[in-house]
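# Topology and contacts: notes
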Amino acid sequence: TPLFDTALAEAWIRSIAAAVEKEQDRLTELDSAIGDGDHGSNLRRGFDAALAALEGLQPTGPGAVLTRTGTTLISKVGGASGPLYGKAFRALGAALPEPAGPVALAEAMAAGLDAVRILGKAEPGDKTIVDAWTPAVAALRAAAAAGATLPEAAAAAADAAEQGARDTVPLRARKGRASYLGERSTGHQDPGATSTALLFRTLADVTGN
Ligand code: ADP
Ligand code: MG
Ligand code: MG
């Protein structure tokens, strides 16, 4: 049964970059409805740079791959999502032992979520990244505690993140640009929650699901 090692971490970042390229227009469309229409291009720029940053890197473990990715996102993405995802990947990388099984990965993802919440101060229900990341961590923890393999745990997390993203549709935004719309932010899926679901789906994909 696979563990989250350096090769998987690199494969994950490559898979995110590919998914962001494929979904760029959809993310931009979602952000056009309740934000400023740059979420797709922000993440495209960030993860293309993250990919380039891995080129010269001789990572000492999966954590180093993710820490470097976080640093790159912070430096390359101007929007709210850059510092939020950047801090998340840095915290995730710092928390990740090598190689990580489901329990360790769940705790590292929880550290990533904590970083998002400390920086952005969003609660679940505020229509943000937190609304997809929180159920993903809960699902990862539950699967890990039940003895799931890494692919099984990652698949459960991806399903939970996608459900969390869909569940943002009726919510009213209380953080970020979408909050300026007040009631008019309801009826649209949150772009950041949608990209978080992509992060967890690609994780499931590269672990073998
Ligand atoms: P910007 O809003 O600066 O243009 P992006 O479009 O890249 O940045 O990202 C917007 C997304 O960032 C939102 O859809 C939301 O999910 C997320 N976001 C914004 N503010 C916060 C926050 N305080 N906490 C968590 N996520 C947030
Ligand atoms: Mg935006
Ligand atoms: Mg912007």
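Residues numbered from 1 in each chain as written. Chains lettered and ligands numbered in written order. Predicted model: local features only at pLDDT ≥ 70, side-chain atom pairs only at ≥ 80, totals over all residues.

In the annotation of an unreviewed UniProt entry, the entry for the protein chain reads Dihydroxyacetone kinase subunit L, and the organism field reads Kitasatospora aureofaciens.

## A few points about the site of ligand 1
Taken together, 24 residues sit near ligand 1, with G79, G120, T128, G176 and G192 positioned nearest. Counting only elements with at least two residues in the shell around ligand 1, the list comes to helix 2 (39-55), helix 4 (81-95), helix 5 (102-120) and helix 8 (191-207). It is helix 8 that contributes the most residues to the shell around ligand 1, 3 residues altogether. Split by residue class, the shell around ligand 1 holds 8 nonpolar, 9 polar and 7 charged. (Near = placed C-beta within 6 Å. Helix = DSSP H or I, 4+ residues; strand = E, 2+ residues; numbered from the N terminus. Nonpolar A, V, L, I, M, F, W, Y, C, P; charged D, E, K, R; others polar.)

## A few points about helix 8
Across its 17 residues, helix 8 extends 25 Å between first and last C-alpha, which sits within 8% of the 24 Å expected from 1.5 Å per residue. In terms of burial, helix 8 is largely enclosed, as 16 of its 17 residues are buried. Backbone geometry just after helix 8 places G208 at a positive phi near 120°. (Expected span 1.5 Å × (residues − 1). Buried ≥ 20, exposed ≤ 12 C-beta atoms within 10 Å, placed from the backbone.)

## A word on the nonpolar core
Core analysis: the biggest nonpolar cluster contains 64 residues, and M109, A136, L140 and A157 have the highest contact counts within it. In terms of residues, this core owes the most to one element, helix 7 (residues 150-166), which gives 10 residues. Residue contacts for A136: discarding those within four places in its chain leaves M109, A157, A160, A161, G164 and F200. (Core = buried A, V, L, I, M, F, W, Y, C linked by C-beta atoms within 7 Å. Contact = placed C-beta atoms within 7 Å.)

## Overview of the packing of helix 7 against helix 8
One way to put it is that helix 7 packs onto helix 8 with a least axis distance of 8 Å and a crossing angle of 160°. Judged by the angle between their axes, helix 7 and helix 8 are roughly antiparallel. As for the relative orientation of helix 7 and helix 8, their crossing is left-handed in sense. Only A193, T194, T196, A197, F200, R201, L203, A204 and T207 of helix 8 make contact with helix 7, whose side of the interface consists of L150, P151, A154, A155, A157, A158, A161, E162, G164 and A165. (Axes fitted to C-alpha atoms, helices over the stretch in contact; angles between N-to-C directions. Parallel < 35°, antiparallel > 145°, perpendicular 65-115°, else oblique. Left-handed = near helix turned anticlockwise from the far one by under 90°.)

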